[in-house]
Amino acid sequence: MEVSFPTDADGFLSQECPSCEQRFKVLLGEGSEEPIAYCPYCGHHGHQCWYTTEQVDYLQTVAISTTVAPELKRLERKLKSASTGFLKIGMNVDIPKPGAPPMESDDPFDIVRFPCCNETVKVNRISRLFCIICGMEINMTISDSKKVFLSHKGVDKETVNDYKRTLDLLGYAPWIDEDALPAGTSLERGILKGMQDSCGVVFFITPSFKDEGYLETEINYAIQEKRTKGNRFAIVALQFVGADGTVGQIPELLKTYVWKKPETQLEALREIVRALPVVAGNVDWRSDISGVVTAPKTKSTTTELSSEAKVILKAAVASDGQIVHLRCADGDSIQVADKAMLPDQEARTVAHWVGGLEDLQRRRYIKDVGHKGEVFEVTRKGYEAADGLS
Ligand SMILES: [Zn+2]
Ligand SMILES: [Zn+2]
(Lines give C-alpha, C1' and ligand atoms only; values in the text may rest on other atoms or scores of the structure.)
(Ligands and ions follow the chains in the order given, each with its own letter.)
Protein backbone atom coordinates (compact mmCIF):
# COMPACT_ATOMS: atom_id res chain seq x y z
CA MET A 1 0.00 0.00 0.00
CA GLU A 2 1.35 3.36 -0.95
CA VAL A 3 0.02 6.67 0.22
CA SER A 4 1.01 9.88 -1.41
CA PHE A 5 0.00 13.42 -0.60
CA PRO A 6 -0.23 16.22 -3.12
CA THR A 7 2.04 19.17 -2.46
CA ASP A 8 1.28 22.85 -2.96
CA ALA A 9 2.25 24.75 -6.09
CA ASP A 10 5.85 25.13 -4.87
CA GLY A 11 6.30 21.48 -3.91
CA PHE A 12 5.74 21.92 -0.17
CA LEU A 13 3.79 19.59 2.13
CA SER A 14 1.99 20.76 5.28
CA GLN A 15 3.11 19.48 8.65
CA GLU A 16 1.78 20.17 12.11
CA CYS A 17 3.48 20.33 15.47
CA PRO A 18 1.87 17.96 17.99
CA SER A 19 2.83 20.31 20.79
CA CYS A 20 1.94 23.86 19.70
CA GLU A 21 -0.41 22.67 16.90
CA GLN A 22 0.96 25.26 14.51
CA ARG A 23 1.53 24.42 10.89
CA PHE A 24 4.54 24.72 8.66
CA LYS A 25 5.46 23.23 5.32
CA VAL A 26 8.43 21.18 4.25
CA LEU A 27 10.00 20.87 0.82
CA LEU A 28 10.28 17.22 -0.19
CA GLY A 29 13.28 15.72 -1.92
CA GLU A 30 15.53 18.73 -1.39
CA GLY A 31 17.80 20.03 1.31
CA SER A 32 18.81 17.98 4.32
CA GLU A 33 18.69 14.21 4.20
CA GLU A 34 17.86 14.01 7.89
CA PRO A 35 14.26 13.61 9.04
CA ILE A 36 12.27 16.47 10.57
CA ALA A 37 13.08 16.52 14.27
CA TYR A 38 12.02 19.94 15.58
CA CYS A 39 9.06 22.29 15.37
CA PRO A 40 10.20 25.56 13.81
CA TYR A 41 7.99 27.59 16.18
CA CYS A 42 8.26 26.01 19.62
CA GLY A 43 11.27 23.73 19.17
CA HIS A 44 9.29 20.60 20.12
CA HIS A 45 11.50 17.55 19.51
CA GLY A 46 10.07 14.39 17.99
CA HIS A 47 10.17 11.94 15.13
CA GLN A 48 7.45 11.01 12.66
CA CYS A 49 4.91 13.03 14.60
CA TRP A 50 4.49 15.85 12.12
CA TYR A 51 1.49 14.79 10.05
CA THR A 52 -1.46 17.15 10.10
CA THR A 53 -4.77 15.89 11.51
CA GLU A 54 -6.17 15.60 7.97
CA GLN A 55 -3.17 13.55 6.86
CA VAL A 56 -3.48 11.25 9.91
CA ASP A 57 -7.23 10.79 9.27
CA TYR A 58 -6.54 9.96 5.67
CA LEU A 59 -3.75 7.53 6.56
CA GLN A 60 -6.11 5.81 8.97
CA THR A 61 -8.92 5.36 6.43
CA VAL A 62 -6.41 4.04 3.91
CA ALA A 63 -4.99 1.65 6.47
CA ILE A 64 -8.43 0.40 7.51
CA SER A 65 -9.68 -0.05 3.96
CA THR A 66 -6.59 -1.88 2.78
CA THR A 67 -5.86 -4.07 5.78
CA VAL A 68 -8.90 -4.39 8.03
CA ALA A 69 -11.71 -4.28 5.46
CA PRO A 70 -10.71 -7.43 3.52
CA GLU A 71 -10.41 -9.34 6.81
CA LEU A 72 -13.89 -8.30 7.90
CA LYS A 73 -15.32 -9.20 4.49
CA ARG A 74 -13.81 -12.67 4.83
CA LEU A 75 -15.27 -13.01 8.32
CA GLU A 76 -18.68 -11.89 7.10
CA ARG A 77 -18.63 -14.50 4.35
CA LYS A 78 -17.54 -17.17 6.82
CA LEU A 79 -20.36 -16.30 9.22
CA LYS A 80 -22.92 -16.38 6.40
CA SER A 81 -21.87 -19.83 5.30
CA ALA A 82 -21.85 -21.02 8.90
CA SER A 83 -25.33 -19.77 9.68
CA THR A 84 -27.49 -22.68 8.61
CA GLY A 85 -30.58 -24.01 10.37
CA PHE A 86 -32.16 -21.85 13.00
CA LEU A 87 -29.01 -20.09 14.13
CA LYS A 88 -28.47 -17.04 12.00
CA ILE A 89 -25.42 -14.92 12.42
CA GLY A 90 -24.91 -12.07 10.11
CA MET A 91 -22.98 -8.86 9.94
CA ASN A 92 -22.82 -6.00 7.58
CA VAL A 93 -19.43 -4.70 6.75
CA ASP A 94 -19.56 -1.07 6.04
CA ILE A 95 -16.16 0.50 5.96
CA PRO A 96 -15.64 3.83 4.29
CA LYS A 97 -13.50 3.85 1.18
CA PRO A 98 -10.74 6.39 1.43
CA GLY A 99 -11.56 9.53 -0.47
CA ALA A 100 -9.02 11.83 -2.02
CA PRO A 101 -5.95 12.69 0.05
CA PRO A 102 -6.10 16.10 1.78
CA MET A 103 -5.44 18.95 -0.59
CA GLU A 104 -2.57 21.24 0.07
CA SER A 105 -3.57 24.88 0.27
CA ASP A 106 -1.40 27.78 -0.74
CA ASP A 107 -1.23 29.57 2.60
CA PRO A 108 0.43 32.96 2.91
CA PHE A 109 3.57 31.53 4.48
CA ASP A 110 7.09 32.89 4.04
CA ILE A 111 9.76 30.70 2.49
CA VAL A 112 12.70 30.50 4.88
CA ARG A 113 15.95 28.61 4.51
CA PHE A 114 17.92 27.26 7.47
CA PRO A 115 21.53 27.66 6.38
CA CYS A 116 22.83 25.27 9.09
CA CYS A 117 21.18 22.26 7.45
CA ASN A 118 20.37 23.68 4.01
CA GLU A 119 16.69 23.04 4.70
CA THR A 120 13.91 25.15 3.19
CA VAL A 121 10.52 25.52 4.86
CA LYS A 122 7.38 27.61 4.60
CA VAL A 123 6.47 29.18 7.92
CA ASN A 124 4.82 32.09 9.61
CA ARG A 125 7.91 34.13 9.94
CA ILE A 126 8.48 35.08 13.58
CA SER A 127 11.56 36.66 15.09
CA ARG A 128 13.00 33.37 16.33
CA LEU A 129 12.66 30.02 14.58
CA PHE A 130 14.16 26.59 15.20
CA CYS A 131 15.84 24.65 12.41
CA ILE A 132 13.53 21.66 11.80
CA ILE A 133 16.52 19.34 11.37
CA CYS A 134 19.08 20.24 14.04
CA GLY A 135 16.89 22.35 16.33
CA MET A 136 19.25 25.32 16.32
CA GLU A 137 17.48 28.51 17.31
CA ILE A 138 17.90 31.16 14.67
CA ASN A 139 17.30 34.85 15.05
CA MET A 140 15.44 35.56 11.85
CA THR A 141 15.83 39.31 12.16
CA ILE A 142 19.56 38.87 11.64
CA SER A 143 20.00 35.86 9.40
CA ASP A 144 18.18 37.32 6.44
CA SER A 145 19.59 40.82 6.55
CA LYS A 146 21.90 40.75 3.59
CA LYS A 147 21.25 44.09 1.97
CA VAL A 148 24.03 46.60 1.63
CA PHE A 149 23.26 50.23 2.35
CA LEU A 150 25.13 52.77 0.25
CA SER A 151 25.16 56.05 2.15
CA HIS A 152 26.20 59.16 0.30
CA LYS A 153 25.72 62.83 -0.14
CA GLY A 154 23.31 63.96 -2.82
CA VAL A 155 25.94 65.36 -5.18
CA ASP A 156 27.67 61.98 -5.40
CA LYS A 157 24.55 60.20 -6.48
CA GLU A 158 25.78 59.38 -9.99
CA THR A 159 28.98 57.72 -8.76
CA VAL A 160 27.16 55.83 -6.04
CA ASN A 161 24.58 54.61 -8.54
CA ASP A 162 27.46 53.20 -10.56
CA TYR A 163 28.57 51.22 -7.52
CA LYS A 164 25.04 50.10 -6.95
CA ARG A 165 24.69 48.73 -10.49
CA THR A 166 28.03 46.94 -10.24
CA LEU A 167 27.33 45.39 -6.83
CA ASP A 168 23.92 44.34 -8.12
CA LEU A 169 25.51 42.56 -11.04
CA LEU A 170 27.92 40.80 -8.70
CA GLY A 171 24.97 39.38 -6.79
CA TYR A 172 24.74 41.71 -3.79
CA ALA A 173 21.61 43.56 -2.75
CA PRO A 174 22.69 47.19 -2.53
CA TRP A 175 20.25 49.97 -1.79
CA ILE A 176 20.30 53.74 -1.64
CA ASP A 177 18.03 55.49 0.82
CA GLU A 178 15.64 57.17 -1.61
CA ASP A 179 14.81 54.08 -3.64
CA ALA A 180 14.20 51.91 -0.60
CA LEU A 181 11.73 54.21 1.09
CA PRO A 182 8.07 53.78 0.22
CA ALA A 183 6.19 57.06 -0.03
CA GLY A 184 4.96 58.23 3.34
CA THR A 185 7.69 56.53 5.34
CA SER A 186 9.51 58.99 7.49
CA LEU A 187 13.13 59.20 6.45
CA GLU A 188 14.46 58.17 9.85
CA ARG A 189 12.15 55.22 10.30
CA GLY A 190 12.90 54.09 6.74
CA ILE A 191 16.62 54.27 7.30
CA LEU A 192 16.40 52.44 10.61
CA LYS A 193 14.36 49.63 9.05
CA GLY A 194 16.69 49.52 6.05
CA MET A 195 19.74 49.37 8.30
CA GLN A 196 18.21 46.47 10.22
CA ASP A 197 17.72 44.60 6.93
CA SER A 198 21.34 45.19 5.97
CA CYS A 199 24.58 43.39 6.66
CA GLY A 200 26.65 46.47 6.07
CA VAL A 201 26.76 50.11 5.20
CA VAL A 202 29.20 51.86 2.92
CA PHE A 203 29.86 55.55 3.56
CA PHE A 204 31.09 57.33 0.46
CA ILE A 205 33.16 60.19 1.73
CA THR A 206 34.09 62.30 -1.27
CA PRO A 207 35.78 65.70 -1.31
CA SER A 208 32.31 67.25 -1.36
CA PHE A 209 31.72 65.67 2.02
CA LYS A 210 32.06 67.97 5.02
CA ASP A 211 31.23 66.83 8.50
CA GLU A 212 28.34 69.13 9.22
CA GLY A 213 26.29 66.66 11.14
CA TYR A 214 25.16 65.47 7.75
CA LEU A 215 24.36 61.74 7.76
CA GLU A 216 24.50 61.80 11.52
CA THR A 217 21.32 59.71 11.77
CA GLU A 218 22.69 57.16 9.34
CA ILE A 219 25.99 56.90 11.17
CA ASN A 220 24.25 56.56 14.54
CA TYR A 221 21.99 53.80 13.25
CA ALA A 222 24.94 52.04 11.64
CA ILE A 223 26.88 52.08 14.92
CA GLN A 224 23.83 50.75 16.72
CA GLU A 225 23.52 47.89 14.19
CA LYS A 226 27.20 47.12 14.53
CA ARG A 227 26.76 46.82 18.29
CA THR A 228 23.80 44.45 17.90
CA LYS A 229 25.09 42.30 15.07
CA GLY A 230 28.82 42.27 15.77
CA ASN A 231 30.76 40.72 12.90
CA ARG A 232 27.55 40.17 10.96
CA PHE A 233 27.50 43.87 10.15
CA ALA A 234 30.22 45.91 8.47
CA ILE A 235 30.79 49.64 8.50
CA VAL A 236 32.84 50.50 5.45
CA ALA A 237 34.06 54.08 5.23
CA LEU A 238 35.72 55.03 1.97
CA GLN A 239 37.56 58.30 1.73
CA PHE A 240 37.92 59.32 -1.89
CA VAL A 241 40.66 61.59 -3.11
CA GLY A 242 39.64 64.33 -5.51
CA ALA A 243 41.50 65.17 -8.73
CA ASP A 244 43.18 68.09 -6.96
CA GLY A 245 44.26 65.90 -4.04
CA THR A 246 41.57 67.09 -1.66
CA VAL A 247 39.77 64.59 0.53
CA GLY A 248 36.42 64.53 2.27
CA GLN A 249 36.37 64.90 6.02
CA ILE A 250 35.78 61.71 8.02
CA PRO A 251 32.85 62.41 10.36
CA GLU A 252 33.75 62.42 14.07
CA LEU A 253 31.38 59.55 14.78
CA LEU A 254 33.12 57.32 12.24
CA LYS A 255 36.64 58.03 13.42
CA THR A 256 36.64 55.06 15.82
CA TYR A 257 36.14 52.77 12.81
CA VAL A 258 38.71 51.87 10.20
CA TRP A 259 38.41 53.80 6.96
CA LYS A 260 40.12 53.21 3.66
CA LYS A 261 41.51 55.68 1.20
CA PRO A 262 41.23 53.95 -2.17
CA GLU A 263 43.35 55.30 -5.02
CA THR A 264 40.99 54.14 -7.73
CA GLN A 265 37.33 53.25 -8.10
CA LEU A 266 38.24 49.60 -8.59
CA GLU A 267 40.21 49.58 -5.37
CA ALA A 268 37.18 51.05 -3.63
CA LEU A 269 35.02 48.27 -5.02
CA ARG A 270 37.50 45.67 -3.80
CA GLU A 271 37.43 47.19 -0.32
CA ILE A 272 33.65 46.96 -0.23
CA VAL A 273 33.57 43.34 -1.40
CA ARG A 274 36.32 42.40 1.06
CA ALA A 275 34.75 44.10 4.06
CA LEU A 276 31.21 42.77 3.74
CA PRO A 277 30.24 39.77 5.89
CA VAL A 278 28.38 38.20 2.95
CA VAL A 279 29.84 36.74 -0.22
CA ALA A 280 28.36 36.72 -3.70
CA GLY A 281 27.69 33.45 -5.53
CA ASN A 282 30.24 31.11 -7.04
CA VAL A 283 31.39 31.68 -10.57
CA ASP A 284 29.53 29.35 -12.88
CA TRP A 285 28.37 29.17 -16.47
CA ARG A 286 25.37 31.26 -17.34
CA SER A 287 22.25 29.16 -17.70
CA ASP A 288 21.66 30.56 -21.20
CA ILE A 289 25.02 29.48 -22.58
CA SER A 290 24.53 26.37 -24.70
CA GLY A 291 27.05 23.70 -25.59
CA VAL A 292 28.56 23.71 -22.11
CA VAL A 293 27.88 20.99 -19.60
CA THR A 294 26.83 22.72 -16.39
CA ALA A 295 26.39 21.32 -12.96
CA PRO A 296 22.70 21.17 -12.07
CA LYS A 297 21.63 24.05 -9.84
CA THR A 298 19.83 21.77 -7.43
CA LYS A 299 21.19 18.34 -6.85
CA SER A 300 18.93 15.53 -7.98
CA THR A 301 17.45 13.38 -5.25
CA THR A 302 19.46 10.33 -6.27
CA THR A 303 22.82 12.05 -5.91
CA GLU A 304 21.84 13.25 -2.46
CA LEU A 305 21.09 9.75 -1.15
CA SER A 306 23.69 8.50 1.30
CA SER A 307 25.77 5.56 0.14
CA GLU A 308 24.21 3.33 2.82
CA ALA A 309 20.73 4.27 1.60
CA LYS A 310 21.73 3.40 -1.95
CA VAL A 311 23.10 -0.01 -0.94
CA ILE A 312 19.94 -0.86 1.00
CA LEU A 313 17.66 0.30 -1.81
CA LYS A 314 19.60 -1.57 -4.49
CA ALA A 315 19.64 -4.77 -2.43
CA ALA A 316 15.93 -4.53 -1.69
CA VAL A 317 15.03 -3.88 -5.30
CA ALA A 318 17.18 -6.83 -6.41
CA SER A 319 15.31 -9.17 -4.04
CA ASP A 320 11.69 -9.10 -2.86
CA GLY A 321 11.58 -5.39 -2.00
CA GLN A 322 11.46 -6.05 1.74
CA ILE A 323 13.75 -4.62 4.38
CA VAL A 324 13.71 -5.72 7.99
CA HIS A 325 15.13 -3.54 10.72
CA LEU A 326 15.45 -5.19 14.12
CA ARG A 327 16.66 -3.71 17.35
CA CYS A 328 17.58 -6.29 19.96
CA ALA A 329 19.90 -6.66 22.92
CA ASP A 330 22.98 -7.44 20.82
CA GLY A 331 22.39 -4.45 18.57
CA ASP A 332 20.67 -3.31 15.40
CA SER A 333 20.28 -5.37 12.30
CA ILE A 334 19.09 -4.37 8.87
CA GLN A 335 18.32 -7.32 6.64
CA VAL A 336 17.37 -7.63 3.02
CA ALA A 337 16.37 -11.13 1.91
CA ASP A 338 18.12 -12.60 4.99
CA LYS A 339 21.32 -10.82 4.13
CA ALA A 340 22.69 -8.62 6.90
CA MET A 341 23.49 -5.09 5.71
CA LEU A 342 25.44 -3.82 8.69
CA PRO A 343 29.12 -4.74 8.45
CA ASP A 344 29.66 -4.33 12.20
CA GLN A 345 28.04 -3.00 15.36
CA GLU A 346 30.16 0.12 15.83
CA ALA A 347 27.91 2.96 16.98
CA ARG A 348 29.02 5.05 14.01
CA THR A 349 28.29 2.27 11.51
CA VAL A 350 24.86 1.64 13.03
CA ALA A 351 24.05 5.35 12.93
CA HIS A 352 25.00 5.57 9.26
CA TRP A 353 22.95 2.58 8.20
CA VAL A 354 19.92 3.46 10.30
CA GLY A 355 20.27 6.97 8.90
CA GLY A 356 20.26 5.49 5.40
CA LEU A 357 17.04 3.68 6.18
CA GLU A 358 15.45 6.90 7.49
CA ASP A 359 16.69 8.63 4.40
CA LEU A 360 14.80 6.21 2.19
CA GLN A 361 11.73 6.51 4.34
CA ARG A 362 11.76 10.29 4.29
CA ARG A 363 11.86 10.27 0.53
CA ARG A 364 9.08 7.68 0.53
CA TYR A 365 11.23 5.26 -1.37
CA ILE A 366 10.23 2.71 1.24
CA LYS A 367 7.22 2.47 3.51
CA ASP A 368 6.92 1.19 7.02
CA VAL A 369 4.56 -1.76 6.62
CA GLY A 370 3.61 -2.44 10.23
CA HIS A 371 4.17 1.14 11.42
CA LYS A 372 6.64 -0.24 13.94
CA GLY A 373 9.78 0.71 12.08
CA GLU A 374 10.60 -2.96 11.57
CA VAL A 375 9.38 -4.07 8.17
CA PHE A 376 9.70 -1.87 5.12
CA GLU A 377 8.67 -2.27 1.51
CA VAL A 378 10.04 -0.49 -1.52
CA THR A 379 7.44 1.87 -3.01
CA ARG A 380 6.83 2.66 -6.66
CA LYS A 381 8.83 5.83 -6.15
CA GLY A 382 11.61 3.72 -4.63
CA TYR A 383 11.74 1.41 -7.65
CA GLU A 384 11.89 4.44 -9.92
CA ALA A 385 14.69 5.95 -7.85
CA ALA A 386 16.60 2.65 -7.91
CA ASP A 387 16.36 2.62 -11.72
CA GLY A 388 17.97 6.03 -11.70
CA LEU A 389 20.85 4.77 -9.55
CA SER A 390 22.21 2.13 -11.89
ZN1 LIG B 1 5.50 23.50 17.96
ZN1 LIG C 1 19.92 23.05 11.23
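Above this note sits the structure.
What counts and how
Residues numbered from 1 in each chain as written. Chains lettered and ligands numbered in written order. Predicted model: local features only at pLDDT ≥ 70, side-chain atom pairs only at ≥ 80, totals over all residues. Pairing = 2+ DSSP bridges. Helix = DSSP H or I, 4+ residues; strand = E, 2+ residues; numbered from the N terminus. Buried ≥ 20, exposed ≤ 12 C-beta atoms within 10 Å, placed from the backbone. Arc of directions from axis to C-beta. Contact = placed C-beta atoms within 7 Å.

J.: Hey, could you run me through the pairing of strand 12 (residues 322-328) in this one?
T.: Within a regular strand, side chains alternate between the sheet's two faces. Direction of pairing for strand 12 relative to strand 16 (residues 375-378): antiparallel, over a ladder of three bridges. In the sheet register, Gln322 faces strand 16, and the bridge partner there is Glu377. In the sheet, strand 12 pairs with strand 13 (residues 331-336) via five bridges, with the strands oriented antiparallel. Paired with His325 across the two strands is Ile334, which belongs to strand 13. Hairpin connection from strand 12 to strand 13: two residues lie between these consecutive antiparallel strands.

J.: Help me understand helix 11 (residues 380-389) in this model?
T.: If you check which residues of helix 11 are buried, you get Gly382, Ala385 and Ala386. Summarising the axial view, the buried residues of helix 11 lie within an arc of 105°, below the 170-degree limit, and thus occupy one face. In helix 11, the exposed positions angled more than 90 degrees off the buried face are occupied by Arg380, Glu384, Asp387 and Gly388.

J.: Just checking my understanding: could you explain the environment of Glu137 for this structure?
T.: Along the polypeptide, Glu137 turns up in strand 6 (residues 137-139). Since 10 C-beta atoms lie within 10 Å of it, Glu137 is described here as exposed. Sequence separation between Glu137 and Gly43 is 94 residues; the distance between their C-alpha atoms is 8.1 Å. With sequence-adjacent residues up to four places away left out, Glu137 is seen in contact with Gly43, Arg128 and Phe130.

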